[in-house]
Amino acid sequence: MASFLDRQDPSAIRSSYAKIITVLIATELVGTFESAMIFIALPSLMAEFQTDAATAGWAATSFLLVAAASAAICGRLGDIYGRKKMLVIVLCISVIGSIISFTSGSIEGVILGRAFQGAAGATLPLGLGIARAGIEKDKVPGAIALVAAVSFIAGAGGSLVAGVLLDLGNWQGLFMVSGILGLVAAVMAMAMLDRSTGLSTEREKVDYIGGVLFAPAVALVLYGVSNSVAWGITDARTLRFVLGGLAIAAIWIWWELRVQNPMINLRLLKTNKMALTQLATAILSVGPLVAAQIIGPMIMLSPAGFGVGLGLSPTMGGLVIFGAASVAFICSPISGKIAAKVGARRSLLIGVVICVIGYGALFWAQYSVLSYIIAINVVFIGTMFAYTAFPNLVAESVPVENTSEGMGINTVTRTIFMGVGTTVITMALASSTVEGAGVPSESAYTLAYVIILATSLVGFVVSWLIRDRINAQATAGDEDLVGAVEG
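Definitions and limits used
Residues numbered from 1 in each chain as written. Predicted model: local features only at pLDDT ≥ 70, side-chain atom pairs only at ≥ 80, totals over all residues. Heavy atoms only, no water. Helix = DSSP H or I, 4+ residues; strand = E, 2+ residues; numbered from the N terminus. Buried < 20%, exposed > 50% of the residue type's maximum accessible area, 1.4 Å probe, protein only. Contact = heavy atoms within 4.5 Å. Areas by Shrake-Rupley, 256 points an atom, 1.4 Å probe, with all protein chains shown as cover. Salt bridge = Lys/Arg side-chain N within 4 Å of Asp/Glu carboxyl O. Axes fitted to C-alpha atoms, helices over the stretch in contact; angles between N-to-C directions. Parallel < 35°, antiparallel > 145°, perpendicular 65-115°, else oblique. Nonpolar A, V, L, I, M, F, W, Y, C, P; charged D, E, K, R; others polar. Core = buried A, V, L, I, M, F, W, Y, C linked by side-chain atoms within 4.5 Å. pLDDT = per-residue confidence, 0-100. Expected span 1.5 Å × (residues − 1). Arc of directions from axis to C-beta. Phe/Tyr/Trp six-rings, centres within 6.5 Å; stacked < 30°, edge-to-face > 60°. Patch = residues over 30% accessible without salt bridge, like charges linked within 9 Å, V, L, I, M, F, W, Y side chains within 5 Å.

Next up on the list: the overall build of the chain. A tally of regular secondary structure across the chain gives 20 helices and zero strands. Here the chain holds 487 residues, and the buried ones make up 54% of them. Within the chain, counting contacts between residues at least 6 apart in sequence, those at least 24 apart form 80% of the total. Roughly 19,900 Å² of accessible area belongs to the chain as shown, and the carbon and sulfur atoms make up 69% of that amount.

On to the environment of I251, then. By the element assignment, I251 lies in helix α11 (residues 236-256). Between the C-alpha atoms of I251 and L213, which are 38 residues apart in sequence, the distance is 8.7 Å.

Our next topic: the pattern of salt bridges. Tallied over the entire structure, the rule returns two salt bridges. A salt bridge links K273 to E396; the shortest N-O distance between them is 2.7 Å. Highlighted residues: K273 in helix α12 (residues 272-286) and E396 in helix α16 (residues 369-397), separated in sequence by 123 residues. Residue class for E396 comes out buried when judged on its relative accessible area of 17%.

Moving on: the packing of helix α1 (residues 17-49) against helix α5 (residues 107-117). Across the interface, α1 lies against α5 with an axial gap of 12 Å and an inter-helix angle of 175°. The pairing of α1 with α5 is recorded here as roughly antiparallel in orientation. Across from E34, S35, M37, I38 and F49 in α1, the residues of α5 making contact are I107, V110, R114 and Q117. When its residues are assigned to classes, the contact of α1 with α5 shows five nonpolar, two polar and two charged.

With that settled, consider the nonpolar core. Ranked by size, the top nonpolar core spans 116 residues in total, and within it F214, I295, Y359 and F380 carry the most contacts. With 16 residues, α1 is the single largest residue contributor to this core. Excluding its chain neighbours within four sequence positions, the residues that come into contact with F214 are A68, A69, A72, W252, I264, V412 and I416. L284, A339, A389 and F390 belong to the second largest nonpolar core, which has eleven residues in total.

A few words on the confidence of the model for the chain. Put simply, the chain has an average pLDDT of 83, and 88% of its residues get 70 or more. Below a pLDDT of 50 lies the segment residues 470-487, which in the model reaches 23 contacts outside its immediate sequence neighbourhood of four places, other chains included.

It is worth spelling out α11 at this point. Under the 1.5 Å per step criterion, the end-to-end length of α11 is 30 Å for 21 residues, consistent within 8% with the ideal 30 Å. All buried positions along α11 are accounted for by T238, V242, G245, W252 and E256. Seen along its axis, α11 keeps its buried residues to an arc of 85°; they face one direction. Away from the buried face of α11 by more than 90 degrees, exposed residues R240 and L243 are located.

Spanning 14 residues, helix α13 (residues 288-301) covers 20 Å between terminal C-alpha atoms, matching the ideal 20 Å at 1.5 Å per step. Within α13, 13 of the 14 residues are buried, which leaves the element mostly enclosed by the surrounding structure.

Turning our attention to the packing of aromatic side chains. Counting across every chain of the model gives ten aromatic pairs. The interplanar angle of 65° and the centroid separation of 6.3 Å between the aromatic rings of W58 and Y223 together place this pair among those described as edge-to-face. Of this pair, W58 sits in helix α3 (residues 58-81) while Y223 sits in helix α9 (residues 208-226), and the two are 165 residues apart along the sequence. An aromatic cluster is defined as three or more aromatic residues linked by ring pairs; in this entry it consists of W58, Y223, W231 and F241.

The subject of this paragraph is unusual backbone geometry. Peptide bonds are mostly trans, and most non-glycine residues show a negative phi. Look at Q50: it is not a glycine, yet its phi comes out positive at around 50°. For Q50, the location among the structural elements is in the loop between α1 and α2 (53-56).

The next thing to look at is a nonpolar patch on the surface. A cluster of nonpolar residues, I89, I93, I96, L112 and F116, forms a patch on the protein surface that exposes about 390 Å² of accessible area. At the level of secondary structure, the elements contributing two or more residues to the nonpolar patch comprise α4 (83-103) and α5. The element that contributes the greatest number of residues to the nonpolar patch is α4, accounting for three residues. Structurally, F116 is set in helix α5.

This is the structure in structure tokens:
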């Protein structure tokens, strides 16, 4: 399955570097801001709608699930029908989602709007395609690095901006700002980008089924699990949702392994290294990679005197998160140097160990602002090590011509299981609340930390089993896992 990255048309390079980069930064800001803003807003949503963390957490989960599906399918549609056109479409859908959430008077409406906003998950793959088709080849790596760097800082800044907005007004201001950002980015894309060229001429059949089927499969399982406390684990409603989701997931896997041009090329999992990399990504995304985004705001914004809570304002909470993310970003080159010298597996293992140390410190530091700030910085550094290790592991695991597809699989895996982790952690926090305050109790936080520790340990073991780059090159005869499944 050829990628448009290998079909760059030199005659298509017409737009100026500055225009394309400006538009890509603006569009990526939309998806990044929408992804980051909701975590700092979860305590406000819980108070506004008198709901628990598990229900409010779906405002994050719904976005992540749709974002994964959007990234998977819209990038391919952009290659065929025009990346500029698809970019404008997903931004407009995102704006509609902001309007739905802004005008909604219920948590269900907010969750629905957040699902629409998840369409913005396709901005990065579409932006990558626009950069490769419209910028001189030697400038593409720098352009991609610049957009990625701005995206990360914007994500950190999104928490700060959200905190300020929550202090100035209410949670609805977040969706007003996200809607304006989306509208401005869509207008910029329409006005400043040239018509897409260098598109696929093969017009192969698009795997719509594979592109969208996995998101509802995961959503059904998560919905059944999240309601199992109220319904009961053996209740017929719980079993219907969980088993129904698992059945859809099985159908999706069967379909993707047999369709000629799958949306998610599961055949790349034929090597043990690639399969273990995705397994490690999934396990760590459920726990340490997403937990800090949920636990952090809960601890900072919960009032002091009611068990766990520092009583900080949303602005101060956003500032702490922005500072921690900035420190992690500064430390990120260290992970890359380790990966280049001794292999990405070592970098990932170091990241997991740092995360465990950070969460351990966070467990004991959740009553002191200074200790908390130090601990959350350690957690973010460990998370950044893991994030930078995954792409390098993928690059070590697949042939050069399949690198883009491999990165896409890893992105979808991480996004989907971060959605799973959001549900799991928020369920843990909702398992026990302080009477009269509605905030998670100490025992709820303890349960969350147990989940984080368990997933970290399992993720560490799986990461340890990943073979180093040198060994991987010598094992061309590894068992074909997909072939075994296809039987």
